[in-house]
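Listed below are the residues making up each chain.
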Amino acid sequence: MGLTVPGRASDSYVVEDRQRSVFRVDRRVFVDREVLEREQRLIFDRCWLYLAHDSEIPNPGDYLTRKVGGRELIFARGTDGTARAFFNTCPHRGAMVCREAQGNGKMFRCMYHSWAFDLTGKLVARPEAERYSDNIEEGLHDLVPVALVDDYRGLFFVNYAANAIDLSSYLAGAKEYIDLTLDQSEAGMEIVGGVQEYGFEANWKLLAENSCDGYHGLPTHATYFDYLMAADGQLGNLQTKRNEPRDLGNGHAVIEYGAPWGRPVAKPVAAWGEAGAADTAAIHARLADRFGSERADRIAYNNFNMVIFPNFVLNNIMAITFRTFFPDSPGKQQVKAWALAPEEESREMRERRLYNFLEFLGPGGFATPDDCEALRLCQLGYQNLAAAGWNDISKGMGQNEQITTDEEQMRIFWREWDRRMSGCDDER
Amino acid sequence: MLVTRAEVEDFLFEEAALLDAWRLDDWLELFAEGACYRVPPAGSPDEVDPATTLFYVADDYFRLTERVKRLNKPTAHVEFPKSRCRHLVSNVRIVSSTEDGLRVTSNYVTYRTKGGRTETYLGHHIYDLCLVHGLLRIRNKTSFLDTDNLNEQGKVSIIV
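Fair warning: this is a prediction, and the values are worked out from it, not measured in the lab. (Residues numbered from 1 in each chain as written. Chains lettered and ligands numbered in written order. Predicted model: local features only at pLDDT ≥ 70, side-chain atom pairs only at ≥ 80, totals over all residues. Heavy atoms only, no water.)

1. Observations regarding the sheet that holds strand β2 (residues 57–59) of chain B
Strand pairing in a sheet is mediated by backbone hydrogen bonds. Such pairs are either parallel or antiparallel.
Residue and element names in this part refer to chain B.
Turning to step 1, where the next piece is worked out: Taken in spatial order, the 6 strands of this open sheet run β2-β1-β6-β5-β4-β3, and their pairing is mixed. Both outer strands of the open sheet, β2 and β3 (84–97), are each paired with one neighbouring strand and no more. The sheet shows a mean angle of 20° between the axes of neighbouring strands, direction not considered.
Turning to step 2, where the next piece is worked out: Where strand β5 (residues 117–132) meets strand β6 (residues 135–145), 10 bridges bridge the pair, whose relative direction is antiparallel. Bridge pairing links H125 to S143 in β6.
Turning to step 3, where the next piece is worked out: Contacts between helix α3 (residues 61–71) and the sheet are confined to β1 (31–39) and β2, with β1 contributing the most and set at about 75° to the helix. (Pairing = 2+ DSSP bridges. Helix = DSSP H or I, 4+ residues; strand = E, 2+ residues; numbered from the N terminus. Axes fitted to C-alpha atoms, helices over the stretch in contact; angles between N-to-C directions. Contact = heavy atoms within 4.5 Å.)

Set out below in structure tokens:
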């Protein structure tokens with residue numbers, strides 16, 4: 001199986017030996033520029049990539065700019081309420097048209113020659129317009145739209161391949177976990193102001209692995225669990241027995257489990273006091289009214305880390321985070337992370353949520369910086385790949401049941417990565 | 001409050017020296033009980049609120065104490081072995097003064113060096129200072145970042 005590696009005894013970057021229960025990944029996939037170029041062509045140019053959440057451009061005229069899969073995009077909501085995505089480049093000479101991170105307006109004006117485009121991307125004005133022929137074909141001077149833009153319950157994704165399968169089919173089983181996250185709100189979920197933007201000195205696939213790696217939790221994040229113990233006086237209140245990885249199709253995978261930390265939806269910790277316990281009890285009761293007690297418990301108590309192939313992470317843990325990451329080079333990536341919250345949440349609950357987020361997540365949290373260090377060390381270690389050439393992802397293979405501290409969820413990622421890098425696709 | 005800029009500068013330079021030396025327990029002593037330490041997202045306005053905006057760091061006094069404990073452990077992997085830090089503080093101004101406190105701003109450049117790389121943090125601090133038993137103490141410290149993002153630094157694993 002897999003992509004041929006010239007001059008190697010093994011002919012694949014990803015080797016799965018089910019008989020011996022060994023799963024290995026060639027470390028060259030983390031350092032070779034030609035692998036990255038192939039990933040751009042066969043993965044980032046062909047998969048659905050997360051763009052933004054509906055709540056980031058709520059009103060007509062709202063827009064944002066964002067780099068997604070190596071492309072600079074404008075995402076704008078028209079006066080008709082429709083959200084559209086364009087390449088942020090003038091059809092005239094190519095200058096980036098919109099220079100602001102976000103805003104509201106009626107049109108985008110390129111500063112170079114003052115061509116102006118409306119919220120649908122159509123050219124509406126330019127100086128000396130009479131000097132252009134009437135015979136120029138319709139649309140030639142409009143902003144170029146992204147081939148496919150679609151959303152699932154307010155999560156907008158783009159696809160640069162016009163013949164890709166539809167978003168709903170692509171997301172497959174991942175929709176169940178998006179639903180579990182979004183169903184905790186009746187009014188709708190929103191991105192909380194502020195994005196965390198940071199870099200990792202490591203290949204992007206290492207963060208895909210790390211984002212759903214249950215095995216590293218205790219050793220890498222020992223100081224976080226020390227903190228939890230100091231804050232809450234316990235590490236045993238899990239509220240659920242669930243502990244499993246699941247294959248969600250199309251390379252998407254999730255681990256679902258109980259954990260000792262508090263969950264802003266409806267699992268209080270001591271620090272929230274009686275008020276916090278009462279608030280979460282009310283939220284839980286309302287969830288039970290809407291969904292029955294079993295699903296209410298799952299929404300309230302069950303943590304999950306989900307990777308939607310290739311690079312969208314939805315972690316519903318001590319807070320909810322969306323995370324995307326794109327390579328700058330084989331050994332460097334840029335990460336964007338947001339916090340998601342119910343629109344109707346009280347100020348107190350919102351405060352607890354963001355406080356919880358920062359106890360673990362992000363560049364200043366008590367955990368993510370140590371992931372940063374772990375991934376940096378991996379990338380440095382790959383300098384030895386001529387002598388030590390393989391990563392091992394075998395944990396749990398050959399066992400009757402898979403648990404979240406096994407590595408099946410990563411094997412799911414790698415099988416899809418290997419399939420796509422071998423040239424397989426899922427065009428319509 | 002009758003405190004001169006020179007006295008404030010001495011206090012802030014002493015804070016920088018403690019951070020450069022990784023004397024975090026002593027550094028924590030500079031904070032009044034109940035103090036907060038915050039790093040908001042880059043480009044934030046001065047009045048940004050951690051109850052409604054996602055920060056990088058938003059510690060109350062409990063978590064600030066825990067942050068110091070964490071950074072003192074070898075299991076704070078990102079800072080083991082410890083990075084070398086150099087905190088430069090300038091443009092110190094007392095922007096307002098009341099009976100029980102001062103608001104002070106300063107510009108900063110902090111270098112963090114580890115593993116052959118030097119990362120740069122730059123921006124401005126806003127301090128609320130007070131006197132506790134006649135000694136200057138920090139009631140709040142907020143460190144604003146000028147860089148658009150942390151793509152080069154990756155983390156805020158040190159006290160900037």
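2. Focus on the interface of chain A and chain B
Turning to step 1, where the next piece is worked out: Each side of the interface is counted separately: chain A has 39 residues, and chain B has 34 residues.
Turning to step 2, where the next piece is worked out: Contact between chain A and chain B buries roughly 3,100 Å² in total, counting both sides, with carbon and sulfur atoms accounting for 55%.
Turning to step 3, where the next piece is worked out: Contact with chain B buries surface across chain A, with Y355(A), L358(A) and F366(A) losing the most and accounting together for 18% of the total.
Turning to step 4, where the next piece is worked out: For the interface between chain A and chain B, the tally reads 5 salt bridges.
Turning to step 5, where the next piece is worked out: Our count for the chain A to chain B interface comes out at 22 residue pairs in polar contact (both at pLDDT 80 or more). (Buried area = accessible area lost by both parts, 1.4 Å probe. Salt bridge = Lys/Arg side-chain N within 4 Å of Asp/Glu carboxyl O. Polar contact = N/O pair within 3.5 Å; in protein donor to acceptor, adjacent residues only side chain to side chain.)

3. Remarks on the state of the cysteines
Residue and element names in this part refer to chain A.
Turning to step 1, where the next piece is worked out: One pass over the structure, following the stated rule, counts 0 disulfides over all chains.
Turning to step 2, where the next piece is worked out: Note on C47: no disulfide assigned, nearest cysteine sulfur contributed by C424 at a separation of 12 Å.
Turning to step 3, where the next piece is worked out: Assessed through its relative accessible area of 0%, C47 is described here as buried.
Turning to step 4, where the next piece is worked out: Among the cysteines around C372, which has no disulfide bond, C378 carries the closest sulfur, lying 12 Å off. (Disulfide = S-S within 2.5 Å. Buried < 20%, exposed > 50% of the residue type's maximum accessible area, 1.4 Å probe, protein only.)

4. A closer look at the sheet that holds strand β3 (residues 49–53) of chain A
All names here are of chain A.
Turning to step 1, where the next piece is worked out: Reading across from one edge, β3-β12-β11 is the order of the 3 strands in this open sheet, with antiparallel pairing throughout. Strands with a single pairing partner mark the edges of an open sheet, and in this sheet they are β3 and β11 (148–152). Strand-to-strand twist across the sheet, computed as the mean angle between neighbouring axes with direction ignored, equals 30°.
Turning to step 2, where the next piece is worked out: Direction of pairing for β3 relative to strand β12 (residues 155–159): antiparallel, over a ladder of 4 bridges. Looking at β12, one finds that L49 is bridged to V158.

5. What about the pattern of salt bridges?
Turning to step 1, where the next piece is worked out: Taken as a whole and judged by the stated rule, the model has 48 salt bridges over all chains.
Turning to step 2, where the next piece is worked out: Note that D279(A) and R352(A) form a salt bridge whose closest N and O atoms lie 3.0 Å from each other. Placement of the pair is D279(A) in helix α7 (residues 273–291) and R352(A) in helix α9 (residues 347–360), with a sequence separation of 73 residues.
Turning to step 3, where the next piece is worked out: A salt bridge links E79(B) to R112(B); the shortest N-O distance between them is 2.8 Å. Residue E79(B) is located in the loop between α3 and β3, and its partner R112(B) is located in strand β4 (residues 102–114); the two are separated by 33 residues in the primary sequence. Here E79(B) and R112(B) have matching classes, each one buried.
Turning to step 4, where the next piece is worked out: Within the structure, one salt-bridge network assembled from shared partners comprises E201(A), K332(A), E79(B), R112(B), R117(B), E119(B) and K155(B).

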